[in-house]
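# Breakdown of the fold
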Amino acid sequence: MHSTLSPNSQSEASHVSLLVSGMSCASCVGRVERALVGLPGVAQANVNLATGKVDVRFEGTADAAAALAAVKKVGYEAILDEREAQDRLAKQQQAEQAQLQQSLIISLILALPVFILEMGSHMIPAMHHWVMANIGMQTSWLIQFVLTTLVLVGPGRRFFTLGIPALLRGAPDMNSLVAVGAGAAYLYSLVATFAPTWLPPGTVHVYYEAAAVICTLILLGRFLESRARGRTSDAIRRLITLQPRTAHVQRDGAISDIPIEEVKTGDILQVRPGESIPVDGLVISGDSFVDESMISGEPVPVQKQEGAELVGGTLNQTGALMMQAQSVGEETVLAQIIQMVERAQTSKLPIQALVDKITLWFVPAVMLAAVITCGVWLLWGPEPALTFALVNAVAVLIIACPCAMGLATPTSIMVGTGRAAQMGIFFRKGESLQRLADARVVAVDKTGTLTKGRPELTDLILAAGFERFQVLAAVAGVEAHSEHPIAQAIVRASQEANGREATPAQAFQSVTGFGVTGQVDGVDVKVGADRYMRKLGLDVSVFEAEVARLGDEGKTPLFAALDGRLAAMIAVADPLKPTTRQAIDSLHQQGFKVVMITGDNRRTGEAIARKLGIDEVVAEVLPDGKVEAVRKLRDTHGLIAYVGDGINDAPALAEADVGIAIGTGTDVAMEAADVVLMSGDLLGVPDAIGVSRATLRNIRQNLFWAFAYNTALIPVAAGVLYPFNGVLLSPIFAAGAMALSSVFVLSNALRLRAYQATHHRVST
């Protein structure tokens with residue numbers, strides 16, 4: 001049934017996966033990647049801000065210690081990404097979310113009175129009079145000083161403990177921007193409160209509310225981000241929880257429960273109704289239906305009897321099964337699916353290259369913009385110039401945090417690939433998402449991809465005076481001596497029709513170049529091509545109309561003679577899968593040119609192409625010819641996706657811009673592919689393309705929002721509109737807008753979880 005995904009030991013050995021904490025924005029991502037790429041032997045480093053995971057690829061032997069040291073050197077904590085570490089990180093993230101929630105509540109309670117005292121006085125004249133009459137300006141400032149100080153040394157301390165060291169290292173990040181912005185507003189207010197004579201006349205104002213509310217709003221944004229990030233990795237968590245923690249193992253004649261980690265290859269396991277299959281293996285006794293939707297995306301349970309394959313993590317439904325373990329631990333299909341999805345979610349898309357280049361310099365550029373803003377307002381601003389300079393510089397620092405940029409791509413990839421996994425579509429590489437969305441041509445193999453991959457008897461047309469069962473049993477008796485797929489298809493059809501195995505022929509002979517002959521139950525049986533019948537002196541013209549029809553369908557007829565009389569015409573073909581036509585139609589609706597590449601003869605290929613509406617046929621090609629065909633199609637049309645399932649498809653899958661393997665095919669094909677369709681259903685191809693296009697559309701929306709937001713609002717924060725209409729962007733509103741930007745990006749990415757295929761599957 002399902003082929004095991006064999007891990008590529010060579011590539012696994014050259015990878016190191018890390019879990020990094022302390023990253024908060026896109027500039028952090030760039031800094032970690034630059035530190036790792038600078039190590040000797042590192043070919044590539046991909047950082048996922050949304051999960052904190054880093055995938056480091058070495059050209060030779062992996063050096064985990066050097067990678068860990070490089071990350072630590074630039075100011076972040078890192079541990080090796082192992083199952084135990086992931087559990088530890090998950091607990092840390094839960095604890096961090098709880099801590100963020102607590103910090104947010106405390107900050108909100110402390111900042112609210114500051115905001116009411118200061119901003120309420122500005123906006124509501126009655127409030128201002130009440131404060132002046134009952135509290136007094138100086139007392140009001142002292143209250144604000146105490147509450148703001150508590151915010152900064154309590155919930156807001158994290159911005160300073162992380163941001164100031166980063167600034168001193170010459171590598172400022174989001175925390176640095178918040179620390180400098182809130183710190184500047186606080187220090188200015190401190191001077192205004194306790195040493196007002198140090199400030200020029202007319203500039204004595206306090207901005208405690210800016211410092212307190214900025215910290216509160218950033219904490220709110222971080223808390224909402226933390227919650228949303230947790231939801232983006234739901235797909236991985238669900239996959240991990242599919243595997244049961246214990247298994248019922250038969251040893252020494254008794255059933256005992258042991259941890260799943262202790263199951264060994266060859267163990268006999270019991271699976272009770274309603275339990276998950278513990279590992280991959282074979283049914284040795286029992287009869288049940290198993291829900292395999294977690295790997296195939298298909299909701300219909302599959303019947304399992306003796307000899308059937310079982311996949312760990314799938315759900316046993318109705319009956320008890322005894323199974324023998326074949327693949328355990330990291331070798332199971334489920335474990336390798338998890339690795340595939342994690343690797344895809346950590347990898348980078350080509351679209352991110354531009355983002356990385358910009359964000360690497362974005363924070364230093366923002367700090368420079370803040371300095372320039374401050375200078376311009378001091379030199380040419382109205383009185384009090386110092387106040388205007390401070391307020392606008394702080395607004396620039398806060399508004400420009402590149403959090404949304406860093407989250408725009410990885411969150412969409414995570415949710416998109418997770419949704420695809422739920423549909424039985426596994427992207428082995430994240431970049432294949434973008435290439436598939438940009439492809440123009442889908443080339444498909446015929447056998448096993450468009451067709452079932454196993455010949456079946458399609459036509460049995462009898463001559464006058466003969467019965468179907470009689471002829472089929474006689475022909476099957478002769479063909480039972482052959483291992484040829486066509487012969488085996490006839491034998492299977494006879495067994496299904498007659499309910500028993502055919503009687504093997506006596507005196508069997510193969511007549512080279514013509515056919516076969518033998519005796520079945522005393523009847524002389526000859527089976528072969530039309531030239532064999534003519535050699536026997538039999539006239540096949542009685543079937544002339546049917547021969548023409550079969551030729552149009554790409555089928556080659558065989559003829560049977562019993563006791564010297566022409567008895568029947570037989571056609572065997574590899575039938576199309578029930579959903580193939582629907583899949584081709586869906587690809588056309590998506591705007592693709594569909595090309596069939598096959599080693600079969602041109603007449604058969606073109607007959608199938610006519611039936612399915614395929615645009616072009618490349619026939620009679622060997623495996624290297626398929627590679628050449630892929631290259632020519634790419635030169636003519638642009639990016640190409642190739643769909644195949646066999647060993648002979650592996651070179652073409654590797655050559656194509658996106659290789660899509662049918663999951664019921666061979667391990668070699670699946671290793672060479674970028675995308676794996678576990679269901680073996682060609683409808684997975686338009687589904688995969690639909691998911692990739694939806695994800696790319698989502699990423700572009702996120703990047704537009706993040707870039708447009710930052711580039712549009714930095715000038716506003718700097719005060720460019722003030723000379724025209726007197727509009728200034730308060731640092732408080734800048735902080736709120738910045739936090740909302742990240743939340744918008746995450747919320748937009750989460751919409752992908754609701755993606756549905758645009759077509760409706762036909763029942764099979």
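Bear in mind that the values here come from a model prediction, so they are computed numbers and not experimental data.

### Some thoughts on the environment of Ala641
Inspection of the secondary structure puts Ala641 in strand E24 (residues 640-644). Separated by 34 residues in sequence, Ala641 and Val675 place their C-alpha atoms 10.0 Å apart.

### Regarding the packing of helix H6 (residues 137-153) against helix H8 (residues 174-194)
Interaxial distance between H6 and H8 falls to 11 Å at its minimum, and their mutual angle equals 150°. When the axes of H6 and H8 are compared, the crossing they make is left-handed. Each of Gln138, Trp141, Leu142, Phe145, Thr148, Thr149 and Leu152 in H6 lies in contact with H8, whose residues at this interface are Tyr186, Leu190, Ala192, Thr193 and Phe194. Residue composition of the contact of H6 with H8, by class: 8 nonpolar, 4 polar and no charged.

### Comments concerning the sheet that holds strand E5 (residues 246-251)
On the basis of which strands lie adjacent, the open sheet formed by 6 strands has the order E6-E5-E7-E13-E8-E11 and antiparallel pairing. Only two strands of the sheet have a single neighbouring strand rather than two, namely strand E6 (254-259) and strand E11 (309-310). Where strand E7 (residues 268-271) lies against strand E13 (residues 321-327), 4 bridges are found, and the strand directions are antiparallel. Bridge pairing links Val271 to Leu321 in E13.

### Remarks on the UniProt feature "transmembrane region" (unreviewed entry) in the chain
Under the present numbering, the feature "transmembrane region" (unreviewed entry) in UniProt falls on residues 104-124, 130-153, 174-199, 205-224, 358-380, 386-409, 703-722 and 728-750. As annotated, residues 130-153 has a helix share of 92% and a strand share of 0%, and its two end C-alpha atoms lie 30 Å apart. Regarding residues 174-199, the helix share stands at 81% and the strand share at 0%, and the terminal C-alpha atoms are separated by 30 Å.

### Here we look at the confidence of the model for the chain
As a note on interpretation, predicted positions should not be read in detail where pLDDT is low. In this model, the chain carries an average pLDDT of 81, and 86% of its residues clear a pLDDT of 70 or more. Contacts for the low-pLDDT stretch residues 1-13, under 50 throughout, to residues beyond four places or in other chains number 37 contacts. Across residues 760-764, confidence stays below pLDDT 50; counting only partners more than four residues off in sequence or on other chains, it has 12 contacts.

### Describing a nonpolar patch on the surface
There is a patch of nonpolar side chains on the surface, built from Leu368, Ile372, Val376, Leu379 and Trp380 and spanning about 590 Å² of accessible area. Mapped onto the elements, Val376 comes out in helix H13 (residues 352-380).

### Thoughts on the packing of helix H16 (residues 431-438) against helix H27 (residues 684-718)
At their nearest, the axes of H16 and H27 sit 8 Å apart, and the two run at 105° to each other. Classed by the angle they form, the pair H16 and H27 counts as roughly perpendicular. Only Ala688, Ile689, Ser692, Arg693, Thr695, Leu696 and Arg700 of H27 make contact with H16, whose side of the interface consists of Leu433, Gln434, Leu436, Ala437 and Asp438. In terms of residue class, the contact of H16 with H27 is made up of 6 nonpolar, 3 polar and 3 charged.

Rules behind the numbers
- Residues numbered from 1 in each chain as written.
- Predicted model: local features only at pLDDT ≥ 70, side-chain atom pairs only at ≥ 80, totals over all residues.
- Heavy atoms only, no water.
- Helix = DSSP H or I, 4+ residues; strand = E, 2+ residues; numbered from the N terminus.
- Axes fitted to C-alpha atoms, helices over the stretch in contact; angles between N-to-C directions.
- Left-handed = near helix turned anticlockwise from the far one by under 90°.
- Contact = heavy atoms within 4.5 Å.
- Nonpolar A, V, L, I, M, F, W, Y, C, P; charged D, E, K, R; others polar.
- Pairing = 2+ DSSP bridges.
- UniProt positions renumbered as here; feature names shortened; annotations may be inferred.
- pLDDT = per-residue confidence, 0-100.
- Patch = residues over 30% accessible without salt bridge, like charges linked within 9 Å, V, L, I, M, F, W, Y side chains within 5 Å.
- Areas by Shrake-Rupley, 256 points an atom, 1.4 Å probe, with all protein chains shown as cover.
- Salt bridge = Lys/Arg side-chain N within 4 Å of Asp/Glu carboxyl O.
- Parallel < 35°, antiparallel > 145°, perpendicular 65-115°, else oblique.

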